[in-house]
Amino acid sequence: MPHITNVMICTCTNCISNGALEIRDSLETEIRKQGLEDDVLVVPTGASGLCVNGPILIVQPEGIFYQKLKKEHIQELVEEHFLKGRPVKALMYVPPGQESPIPELQSIPFFKDQRLIALRNRGLIDPDRIDEYIARDGYKALAKVLTSMKPEEVIAEVSKSGLRGRGGGGFPTGRKWESRWKDPRTPKYVVCNADEGDPGAFMDRSIVEADPHSVIEGMTIGAYAVGASSGYVYLRMEYPLAVKRMQLAIDQARDYGLLGKDILGSGFDFDIQIFKGAGAFVCGETTALVASIEGRIPEPRQRPPRTTLWDKPVVINNVETWANVPVIINWGADWFSQIGTETSKGTKVFSLAGNINNAGLVEVPMGITLRQIVYDIGGGIPGGKQFKAVQTGGPSGGFIPASLLDLPVDYERLAEAGSMMGSGGMVVMDENTCMVEMAKYFVEFTNDESCGKCTSCREGSKALLDILERICEGQGKEGDIELLEELAHAIKDASLCGLGQSLPNPVLSALAHFRDEYEAHIREKRCPAGVCKALITFSIDAEKCKGCRVCAKNCPQEAISGQAKEPHEIDQDKCIKCGVCADVCKFDAVVIV
Amino acid sequence: MAKIKPEDLARIGDRIKRTMLLREGSCRLKIIVHMGTCGIAAGARNVMKAFTEEIDKAGVQDVLLTISSCAGLCSREPMVTIEEKDKPGVKYVDLTPDKARKIFSEHVLAGKIVKEYALAAGSERTL
């Protein structure tokens, strides 16, 4: 007898670190205590998207969304909602700037404007149960392909859909498959690139944690299309939960004969194993990735010739690309290509992070504007601050300023704006972000992750970093901007792989859109956003200061003096510019110049 | 576990289809048992149990059974609302497990409203 209520609890890495497993245990205990175990089923799922508000529960069939749960809430929740049928308003999601909670998932703007293809099963299935994936049309596309389609028909369908690589490059997936299909060498391989490394990006981890079978099914379809007999999921070791769920999914698929010899009785043989990467950013680059699988030092190499694995043909696609494949086969290329823009079809998953109210994981149709993502889905900037820029494409991408917020999400449009689609990291920045400091942060990252093979990348990133550090410290001089630009172009031209070729993008796009901020740092020794410590001073506005002593009590340097109810003062010799006084002041009396 | 054939996929899916429909919230018809304190005290749990048994017996896949709170008319509990797509919901009052079984076979399966147990069709105006 099925249960009448399913409680979907998000058990992604984020929510687990917020205590989701304890919540699950106490839910089960309370449900048993009330004798409701035949009515209410607790189902662990992958990321539901609004991870910043975890731990999260979605109660089906009503679709009621509970968030920020604590263990002590659970007794009341079970008693009120599951026993008495009265959903608990106090634990529901409240949209930024509103007062009354919105109970239903579908009416929360964050979810309502999304369109799920790659994340179609998020929050709906237990990733550890293959039957639940199958019940949502899982492995139907594989059965269709194996029983009624020739490899070239599969490739034609994927080509016609317009699907392009979701790892960032945007290469047409069908064309990639076709070239490997034509290659006479055997055996052939397929690889899933799950070596996600951009700071703040967690799209691939969420897909693998929420729905590992969608990746397995996509890879198996791809393997049939190109004639591959084995596959690897290149998954980084820092994602232990994803590794665990993927391994379990592979084992279950083997048990059902969906991997291994004679899949679904069709005579087609294919199997997958996980390759655990050690977490070097450069391994996301395909030539370095295959070197890593082969057991060599992961250094990229020149292309062409085309990337091979043990000198044999290999198709390497990103997690999200693979997860799209079964849907394209089931629903057809025509349906898929109706979604999106002229050159960018389907949807894209983004992880929204930074200065944004609804940080989390979103999947949106291509062509949606950045404004819709930031304001409608993301709920805007916290604290009523001004939007400054959104950074897409991680350390390889660029900054997009407010003037370009109406730009549609599309591979070509984002590239024209000096950024890139990238794998889906989207970092939103408010007015208190310094664009010199931000560029420095990304160059610091790529400098650290450069494999060191090309001098231009290894030494060039260090030289960029030195100049940016100098500017932040108030030591910038005339000619620095021009030097940054010249160096950036040299690094782009002379580096072998994508890491080096794209590492100057944050600097170049910051210079293109926020040049005045660089000039202010160099010429006026001023940081307009009030971030660079060497260029700012903290002082107290005597008009606004009420003399409450809060800042003085919190100052770690004891640099603030003043009697109660009298305006206070900051001793500039003692001040280390930590910003605590500005954070604790209730009257906005601390001025940063 | 035995290796499966393409036709087995549908069988595996059907086995838990109703659970999946519940999570997607999509169905042909929804049976809402009002389980406020008043409803529970008047015997709503037994009414719900009767519905779950009938659903299982009939093997229907497109019917959702769910609970809601007090419908407002506490003196006439246990109450049930039957909602169908594009039709006004029907509220039944003073229910017992036997009455629930009759509603199931006549209304849920055959589409005929059981007038003697029905209070009204439609719902209150909100906002």
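Criteria and cut-off values
- Residues numbered from 1 in each chain as written.
- Chains lettered and ligands numbered in written order.
- Predicted model: local features only at pLDDT ≥ 70, side-chain atom pairs only at ≥ 80, totals over all residues.
- Helix = DSSP H or I, 4+ residues; strand = E, 2+ residues; numbered from the N terminus.
- Rg over C-alpha atoms; globule rule 2.2 N^0.38 Å.
- Buried ≥ 20, exposed ≤ 12 C-beta atoms within 10 Å, placed from the backbone.
- Contact = placed C-beta atoms within 7 Å.
- Axes fitted to C-alpha atoms, helices over the stretch in contact; angles between N-to-C directions.
- Parallel < 35°, antiparallel > 145°, perpendicular 65-115°, else oblique.
- Left-handed = near helix turned anticlockwise from the far one by under 90°.
- Nonpolar A, V, L, I, M, F, W, Y, C, P; charged D, E, K, R; others polar.
- pLDDT = per-residue confidence, 0-100.
- Core = buried A, V, L, I, M, F, W, Y, C linked by C-beta atoms within 7 Å.
- Pairing = 2+ DSSP bridges.

With that settled, the discussion passes to the overall build of chain A. In terms of helices and strands, chain A carries 23 helices and 18 strands. The C-alpha radius of gyration of chain A comes to 26 Å, within 12% of the 25 Å expected for a compact globule of 593 residues. Counting only C-alpha atoms, chain A reaches 85 × 70 × 40 Å along its principal axes. The proportion of buried residues among the 593 residues of chain A is 55%. For chain A, restricting intrachain contacts to residue pairs at least 6 apart in sequence, the fraction spanning at least 24 positions comes to 72%.

Turning our eyes to something else, we now look at the packing of helix H7 (residues 151–161) of chain A against helix H8 (residues 173–182) of chain A. All names here are of chain A. At a minimum axis separation of 7 Å, H7 and H8 run at an interaxial angle of 155°. Here H8 runs roughly antiparallel to H7, going by the angle between their axes. As for how H7 packs across H8, the hand of that crossing is left-handed. Of the residues in H8, those in contact with Pro151, Ile155, Val158 and Ser159 of H7 are Thr173, Gly174, Arg175, Trp177, Glu178 and Trp181. Taken together, the residues of the contact of H7 with H8 break down into five nonpolar, three polar and two charged.

With that settled, consider the interface of chain B and chain A. Each side of the interface is counted separately: chain B has 31 residues, and chain A has 27 residues. Counting only elements with at least two residues in the side of chain B that touches chain A, the list comes to helix H1 (6–15), helix H2 (17–24), helix H3 (37–42), helix H4 (44–58) and strand E2 (63–68) of chain B. At seven residues, H2(B) tops the list of elements feeding residues into the side of chain B that touches chain A. Residue composition of the side of chain B that touches chain A, by class: 13 nonpolar, ten polar and eight charged.

Time to look at the environment of A:Val591. All names here are of chain A. One can find Val591 in strand E18 (residues 590–592). Here the alpha-carbon distance between Val591 and Ile536, two residues 55 residues apart in the chain, equals 9.9 Å. Not counting the four nearest positions on each side in its chain, Val591 is found in contact with Ser539 and Asp541.

Here we take up the packing of H4(B) against helix H5 (residues 97–109) of chain B. All names here are of chain B. Orientation of H4 relative to H5, taken along the N-to-C sense of each, is 40°, at an axis distance of 8 Å. When the interaxial angle is binned, H4 and H5 end up oblique. Judged by the sense of rotation from one axis to the other, the crossing of H4 with H5 is right-handed. Here Asn46, Val47, Ala50, Phe51, Glu54 and Ala58 of H4 come into contact with H5, specifically with Pro97, Ala100, Arg101, Phe104 and Leu109.

As a further point, take the confidence of the model for chain B. Residue and element names in this part refer to chain B. Mean pLDDT over chain B stands at 84; residues scoring 70 or higher make up 94%. Taking the mean pLDDT of every element in chain B, the minimum, 77, falls on H2 and the maximum, 94, on H5. ipTM for the predicted complex: 0.74, alongside a pTM of 0.84.

For the bond from A:Thr186 to A:Pro187, the omega torsion is -5°, close enough to zero to count as cis. Of note, the bond from B:Glu77 into B:Pro78 is cis; its omega dihedral lies within 30 degrees of zero at -5°. Tracing the backbone shows B:Pro78 in the loop between E2 and strand E3 (80–84). Although it is not a glycine, A:Lys525 adopts a positive phi angle of roughly 50°.

As a further point, take the nonpolar core. Core analysis: the largest hydrophobic core is formed by 209 residues, its most contacted members being B:Val33 and B:Phe51. Ranked by the residues each element gives to this core, the list is headed by helix H10 (residues 212–226) of chain A, at eight residues. Membership of the second largest hydrophobic core comes to twelve residues, among which are A:Cys545, A:Cys551, A:Ile570 and A:Ala589.

The side chains of a regular strand alternate, residue by residue, between the two faces of the sheet. Residue and element names in this part refer to chain B. In terms of residue burial, E2 counts as a mostly covered element, since five of its six residues are buried. The pairing of strand E1 (residues 29–34) with E2 spans six bridges and is parallel. The residue bridging Ile32 from the neighbouring strand is Thr66, located in E2.

Strand-to-strand pairing in sheets goes through backbone hydrogen bonds, with the strands running parallel or antiparallel. Residues and elements named next belong to chain B. Pairing is mixed in the open sheet, where five strands are placed in the order E2-E1-E3-E4-E5. Looking along the sheet, the strands with just one partner apiece sit at the ends: E2 and strand E5 (118–121). Ignoring strand direction, the axes of neighbouring strands in this sheet form an average angle of 20°. Strands E1, E2 and E3 of the sheet are contacted by H4, whose axis makes an angle of about 155° with E1.

This next bit is on the sheet that holds strand E3 (residues 57–60) of chain A. All names here are of chain A. The strand order across the open sheet formed by four strands is E2-E1-E3-E4, and the pairing between neighbours is mixed. Edge positions in the sheet fall to strand E2 (40–45) and strand E4 (64–66), since each of these pairs with one other strand and no more. Across the sheet, the mean angle separating the axes of adjacent strands is 20° when strand polarity is ignored. With four bridges connecting them, strand E1 (residues 5–10) and E3 associate as antiparallel partners.

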